[in-house]
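Observations on chain architecture
The residues making up each chain are set out below.
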Amino acid sequence: MNAAFTSKSDDSLRTSPDTALDARLEAAARVSAAHFAALRDHLSYLSTPDITLVQQAWQYADKAHTNQWRSSGDPYITHPIAVTTICAQWKLDAPALMAALLHDAMEDCGITKQDLAERFSPVVADLVDGLTKLDKLHFNTREENQA
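Parameters at a glance
Residues numbered from 1 in each chain as written. Predicted model: local features only at pLDDT ≥ 70, side-chain atom pairs only at ≥ 80, totals over all residues. Heavy atoms only, no water. pLDDT = per-residue confidence, 0-100. Contact = heavy atoms within 4.5 Å. Salt bridge = Lys/Arg side-chain N within 4 Å of Asp/Glu carboxyl O. Helix = DSSP H or I, 4+ residues; strand = E, 2+ residues; numbered from the N terminus. Buried < 20%, exposed > 50% of the residue type's maximum accessible area, 1.4 Å probe, protein only. Core = buried A, V, L, I, M, F, W, Y, C linked by side-chain atoms within 4.5 Å. Axes fitted to C-alpha atoms, helices over the stretch in contact; angles between N-to-C directions. Parallel < 35°, antiparallel > 145°, perpendicular 65-115°, else oblique. Nonpolar A, V, L, I, M, F, W, Y, C, P; charged D, E, K, R; others polar.

1. Focus: the confidence of the model for the protein chain
In the predicted model, the protein chain carries a mean pLDDT of 85, and the fraction of residues at 70 or more is 82%. The model gives residues 1-14 a pLDDT under 50, and that stretch makes twelve contacts with residues more than four places away or in other chains.

Here's what the structure looks like:
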């Protein structure tokens, strides 16, 4: 019997969990690519080499967050892309956008600061490291927190 199916008689209806996961991962890849394409529309203020660096950070983050899902069922990578889109609307530079894409990779994916420094740059690694520490800060007022 084919390992991907539970029986020969109804193999077109009943797939193994691996096949279902593969289909979900393929759909997640399409969603991620569509969200990044929308983000890319906001990057025209960057140079072509900087856009390439941001794209490389997205690809790295996308791979790091493979098989992670938001409570909505969306692939997790949609959150870092959404954060990066906001940052792009503020016209932040490429290292800041890269850090926005990678901001959960250290906390959630086992990526180290050293990994990011070697793959991208010490600046990007420092930005990501700083972002992961922001939620540990405590403020006295709502205004301080927003700042």
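There is more to say, and it comes next.
2. A few points about the pattern of salt bridges
Counting across every chain of the model gives two salt bridges. For Lys113, the salt bridge identified is with Asp126, shortest N-O distance 2.9 Å. Taken together, the positions of Lys113 in helix H6 (residues 113-119) and Asp126 in helix H7 (residues 122-134) put the pair 13 residues apart, joining distant regions of the chain. Of the residues examined, Lys113 reaches a relative accessible area of 34% and is grouped as partly exposed. Residue Asp126 is classed as partly exposed on the basis of its relative accessible area, which comes to 44%.

3. Observations regarding the nonpolar core
Ranked by size, the top nonpolar core spans 28 residues in total, and within it Leu43, Val54, Leu102 and Leu116 carry the most contacts. Listing elements by their share of this core, those giving two or more residues are helix H1 (17-40), helix H2 (48-64), helix H3 (78-89), helix H4 (94-102), helix H5 (105-109) and H7. Of all the elements, H4 adds the most residues to this core, at seven residues. With residues up to four places along the chain from it excluded, the contact list for Leu116 reads Tyr60, Leu102, Met106, Ile111, Ser121, Ala125 and Val128.

4. Side note on the packing of H2 against H4
The description of two packed helices rests on the angle between their axes and on the distance between the axes. Two elements in contact, H2 and H4, have axes whose closest approach is 9 Å; the angle formed by their N-to-C orientations is 10 degrees. In this view, H2 runs roughly parallel relative to H4, as classed from their interaxial angle. The residues of H4 that touch H2, namely those facing Asp50, Leu53, Val54, Ala57, Trp58, Tyr60 and Ala61, are Ala94, Leu97, Met98, Leu101 and Leu102. Residue composition of the contact of H2 with H4, by class: eleven nonpolar, no polar and one charged.

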